[in-house]
Amino acid sequence: MSPTSPASPPSPPSTTRTRSTRRLTTAQALVTFLARQYTERDGRRHRLISATWGIFGHGNVAGIGQALVEAGHGGNGTTHRMPYLQGRNEQAMVHAAVGYARQSGRLSAHAVTTSIGPGATNLVTGAALATINHLPVLLLPGDTFATRPADPVLQQLEVPYAGDVSVNDCLRPVSRYFDRVTRPEALIPAALQAMRVLADPAETGAVTLALPQDVQAEAYDWPEEFFAERVWRVRRPAPDTAELEAAVRAVRSARRPLIVAGGGVRHSAAEETLAAFTAATRIPVASTQAGKGALRHDHPADVGGIGHTGTATADELARTADLVIGVGTRYTDFTTASGTLFQNPAVRFLNLNITGFDAHKLAALPLVADARTGLEALTSALAGRGYRIDPAYETEYTGAKEAWEEQVEASFTTPDPTARPTQTQVLGLLDTLATEEDILINAAGSLPGDLHKLWRTRSRDQYHVEYGYSCMGYEIPAAIGVLLATQAQGHEGRPVWALVGDGTYLMNPTEIVTAVQENLPLRLLILQNHGYASIGGLSEAVGGERFGTAYRHRDPDGGFTGPPLPVDLAANAASLGMRVLRATTVDDLRKALAEARSAEGPTCVYVETETPDTVSGPPPAQAWWDVPVAETASRPAAVTAREEYDRRVAARRHHL
């Protein structure tokens, strides 16, 4: 530059900065992201995705499978590891994840990865169960190639009218959120939306991110911000002021109010708040299957299960109630006895629920709020207005409860120690051993009805009956999930019981191998009754004559009335690695249950039960359930059943 040349103007300061990125495959980025997600409620933080279940095939082994290897060994700068759990059946892996989520209060969940094809479609039943029960699980099924280098590929479903459809689309109607990640960069918004839904107490359920196998392995420069720790706060929405005031007026004007406690009480951890509300008002509390345990069985206000499988006490109160206060319940047909239970002409409904959809059911006054927050607000609003039920009403329901307890004792009684026990006597023997530490898991068959009517729940999380989907085969894998959750909570010594009949056991025993592999102290109680006992009884009631419900040899006429099949489920459980204790009498069973409860490894108790036709069984159903009966038939059983059906259905009403 010449000394006489004008000086160049200074360069402006840079307004850009280098963006920090990390080069990972899509699968590696997803696993790294998941390991850094948290929930927080009431000031306590929980890891949102604490482990990943997986069965590997060509659709996920080179993507998610390789990423889990990296995450388990500190690769890619991993400081938050992702534990891996090995499953044997894809549906069972979802059930295990659901059991874990429920035991974790929906604040922590598991992911499940599968290959394409049958691995992915096996997720559908578990996904439906999770969504129906509002329990979070993250599904990561492999998918066909996004780039379509070959078409079709192994296990691909070809749809002539749509090239972008795969079997993973089966998961759309059973997922609360679904996305197919067809480009690496599309993972960022999809993953964030997935976490939002999983952590949302009103929306949560199964969340599916379908992952094409080529995209899983494709590298991309990911912004470091994507891998920052994120906390998803689980909110407790408070009720609207006007809705709260209307609720207070409804309660104050009620003479025979009844609370129906549903699963929302447990999900919100509102048990103590519910107890405080009943202490102030003395309103009795009945419970759905999901809500049982909201109050201990010996709480003065607890009147037991409600509906078709409920107690006589709760159902009679429901028939005469003038205000039904639903707290966190969906009002399924078992709860309402198919619209026949709440018979007071003046009955009204007040529904406290975190979702407006459920809060408005039965033409109710809605109180849309978190169960705990809503009950606190309702208790506070009523406190200064001096509301308490009439003492005569309290005396009525406490007396009825005492009478029902006498029936429970009669069902549980085992007078002959050398006899073969009935199913209810099996429960009675377990009842004598159980403390508030024990957890019982069940889902299908005749056991849910007996448990709902009879079981004496001792703690908020003891009663784990999945009755939203009532899925046979849920119990064993769910128990594994519950055991993993209790370990994470620092309660490794809690006895966890999976109660199954022979029909349920045959549906899904495979995860016994997982319990053995992980040395989890699963207590498996198998009740052998040679068939589908629950559906057999229902079949008889509706004129089906127990057709196709017994596990017996075929007879010369083509039916199944021959001798019981020579199936040894105890030997099967032993072959999968369990220690098995066989019991043939009441006395044998008492000893076996006590031994299993103190066992350190996976232990099975096997017992053949007596049918209630020959000895005292459980009390009969206290309310109806609508299963339509053939309108025309030639066989007398169906004709008679239809006459009874017409009589029952006449009592059904719409609450408008």
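Residues numbered from 1 in each chain as written. Predicted model: local features only at pLDDT ≥ 70, side-chain atom pairs only at ≥ 80, totals over all residues. Heavy atoms only, no water.

As for the overall build of the chain
For step 1, the next point in the chain: Summing up its helical and strand segments, the chain has 24 helices and 23 strands in all.
For step 2, the next point in the chain: Across its three principal directions, the C-alpha atoms of the chain cover 115 × 70 × 55 Å.
For step 3, the next point in the chain: Within the span of the chain, comprising 656 residues, buried residues form 56% of the whole.
For step 4, the next point in the chain: A separation threshold of at least 6 residues defines the contact pool for the chain, and within that pool the share at least 24 residues apart is 76%. (Helix = DSSP H or I, 4+ residues; strand = E, 2+ residues; numbered from the N terminus. Buried < 20%, exposed > 50% of the residue type's maximum accessible area, 1.4 Å probe, protein only. Contact = heavy atoms within 4.5 Å.)

Some words on the packing of helix 3 (residues 90-103) against helix 5 (residues 124-132)
In helix packing, the relevant descriptors are the interaxial angle and the interaxial distance, both defined with respect to the helix axes.
For step 1, the next point in the chain: As a packed pair, helix 3 and helix 5 sit with axes 7 Å apart at the nearest point and diverge in direction by 20°. It follows that helix 3 is roughly parallel to helix 5 by the angle criterion. Crossing of helix 3 over helix 5 shows right-handed handedness. Touching Gln91, Val94, His95 and Val98 of helix 3 are Thr125, Gly126, Ala127, Leu129 and Ala130, all from helix 5.
For step 2, the next point in the chain: Looking at the contact of helix 3 with helix 5 residue by residue, the class counts come to five nonpolar, four polar and no charged. (Axes fitted to C-alpha atoms, helices over the stretch in contact; angles between N-to-C directions. Parallel < 35°, antiparallel > 145°, perpendicular 65-115°, else oblique. Left-handed = near helix turned anticlockwise from the far one by under 90°. Nonpolar A, V, L, I, M, F, W, Y, C, P; charged D, E, K, R; others polar.)

Side note on the packing of aromatic side chains
For step 1, the next point in the chain: Scanning all chains against the criterion turns up 12 aromatic pairs.
For step 2, the next point in the chain: Ring geometry for Phe56 versus Tyr84: centroids 5.5 Å apart, planes at 25°, classification stacked. With Phe56 in the loop between strand 4 (49-54) and helix 2 (61-72) and Tyr84 in strand 5 (residues 84-86), this pair connects stretches of sequence that are 28 residues apart.
For step 3, the next point in the chain: Judged by relative accessible area, which is 33%, Tyr84 ranks as partly exposed.
For step 4, the next point in the chain: Each ring, one from Phe342 and one from Phe349, has its centre 5.3 Å from the other, and the planes form 85°; the classification is edge-to-face. Just as Phe342 is buried, Phe349 falls in that class too.
For step 5, the next point in the chain: A cation sits over an aromatic face here: Lys292 above Tyr463, 5.5 Å from the ring centre.
For step 6, the next point in the chain: Against the face of Tyr606 rests Arg582, its NZ or CZ located 5.8 Å from the ring centre. (Phe/Tyr/Trp six-rings, centres within 6.5 Å; stacked < 30°, edge-to-face > 60°. Lys NZ or Arg CZ within 6 Å of the ring centre and 35° of its normal.)

Side note on the side chain of Thr114
For step 1, the next point in the chain: Mapped onto the secondary structure, Thr114 falls in strand 6 (residues 109-114).
For step 2, the next point in the chain: Beyond its immediate stretch of four places on either side in the chain, Thr114 contacts Ile55, Asn60, Glu90, Met93, Gly119, Ala120, Leu123, Leu140, Pro141 and Gly142.

Regarding helix 10 (residues 271-281)
For step 1, the next point in the chain: For helix 10, the set of buried residues is Glu271, Thr273, Leu274, Phe277, Thr278 and Thr281. Buried positions in helix 10, seen along its axis, are confined to an arc of 160° and lie on one side of it.
For step 2, the next point in the chain: At the C-terminal side of helix 10, Arg282 shows a positive phi close to 65°. (Arc of directions from axis to C-beta.)

Re the pattern of salt bridges
For step 1, the next point in the chain: For the coordinates displayed, the defined rule picks out 43 salt bridges.
For step 2, the next point in the chain: In this structure, Glu271 and Arg460 form a salt bridge, with 3.0 Å as the shortest nitrogen-oxygen distance. Of this pair, Glu271 sits in helix 10 while Arg460 sits in the loop between helix 17 (447-454) and strand 19 (463-465), and the two are 189 residues apart along the sequence.
For step 3, the next point in the chain: Classification of Glu271 by relative accessible area gives buried; the value is 10%. (Salt bridge = Lys/Arg side-chain N within 4 Å of Asp/Glu carboxyl O.)

Here's the deal with the side chain of Asp438
For step 1, the next point in the chain: Structurally, the position occupied by Asp438 is in the loop between helix 16 (423-433) and strand 18 (439-442).
For step 2, the next point in the chain: Within polar-contact distance, the side chain of Asp438 engages the side chain of Arg597 at 2.7 Å. (Polar contact = N/O pair within 3.5 Å; in protein donor to acceptor, adjacent residues only side chain to side chain.)

With respect to the sheet that holds strand 4
For step 1, the next point in the chain: Reading across the sheet, the six strands line up as 5-4-6-7-9-8 and stay open at both edges, with parallel pairing between neighbours. Across the chains shown, the open sheet's two edge strands, defined by having one partner strand only, are strand 5 and strand 8 (177-180). In this sheet, neighbouring strand axes are inclined to one another by 20° on average, regardless of whether the strands run parallel or antiparallel.
For step 2, the next point in the chain: Examined bridge by bridge, strand 6 and strand 7 (residues 137-143) share four bridges and lie parallel to one another. Paired with Thr114 across the bridge in strand 7 is Pro141.
For step 3, the next point in the chain: Packed onto the sheet, helix 1 (residues 26-34) meets strand 4, strand 7 and strand 9 (206-212) and runs at close to 175° relative to strand 7. (Pairing = 2+ DSSP bridges.)

Structural notes on helix 3
For step 1, the next point in the chain: Look at helix 3: 20 Å from first C-alpha to last across 14 residues, which is about the 20 Å you get at 1.5 Å a residue.
For step 2, the next point in the chain: Most of helix 3 is tucked away, with 14 of its 14 residues classed as buried.
For step 3, the next point in the chain: The N-cap of helix 3, judged by a side-chain oxygen 2.9 Å from the amide nitrogen of Gln91 a few residues on, is Asn89. (Expected span 1.5 Å × (residues − 1).)

Things to note about unusual backbone geometry
For step 1, the next point in the chain: Cis rather than trans, the peptide bond between Asp151 and Pro152 has omega equal to 10°.
For step 2, the next point in the chain: The phi torsion at Ala337 lies on the positive side, around 50°, for a residue other than glycine.

Details of the environment of Tyr84
For step 1, the next point in the chain: C-alpha separation for the pair Tyr84 and Arg45, spaced 39 residues apart in sequence, amounts to 22 Å.
For step 2, the next point in the chain: Setting aside residues up to four positions removed in sequence, Tyr84 forms contacts with Thr52, Trp53, Gly54, Phe56 and Leu68.
For step 3, the next point in the chain: Within the local environment of Tyr84, its side chain forms a polar contact with the backbone oxygen of Gly54, the two atoms lying 2.8 Å apart.

Description of the state of the cysteines
For step 1, the next point in the chain: All told, the structure shown has zero disulfides when counted by the stated rule.
For step 2, the next point in the chain: Cysteine Cys170 shares no disulfide, and the gap to the nearest cysteine sulfur, in Cys471, comes to 16 Å.
For step 3, the next point in the chain: What makes Cys170 partly exposed here is its relative accessible area of 41%.
For step 4, the next point in the chain: Exposure remark for Cys471: the relative accessible area of 8% places this residue in the buried category. (Disulfide = S-S within 2.5 Å.)

Describing a nonpolar patch on the surface
For step 1, the next point in the chain: On the surface, Phe56, Val61 and Tyr84 cluster together to form a nonpolar patch covering roughly 240 Å² of accessible area.
For step 2, the next point in the chain: The class for Phe56 is partly exposed, based on a relative accessible area of 34%. (Patch = residues over 30% accessible without salt bridge, like charges linked within 9 Å, V, L, I, M, F, W, Y side chains within 5 Å. Areas by Shrake-Rupley, 256 points an atom, 1.4 Å probe, with all protein chains shown as cover.)

A few points about the sheet that holds strand 21 (residues 522-528)
For step 1, the next point in the chain: Taken together, the six strands give an open sheet; going across it, the order is 19-18-20-21-23-22, and neighbouring strands pair in parallel fashion. Across the chains shown, the open sheet's two edge strands, defined by having one partner strand only, are strand 19 and strand 22 (579-583). Averaged over all adjacent pairs, the angle separating strand axes in this sheet is 20°, with direction ignored.
For step 2, the next point in the chain: Two elements, strand 18 and strand 20 (residues 496-501), share three bridges in a ladder whose sense is parallel. Along strand 20, the bridge assignment pairs Ile439 with Val496.

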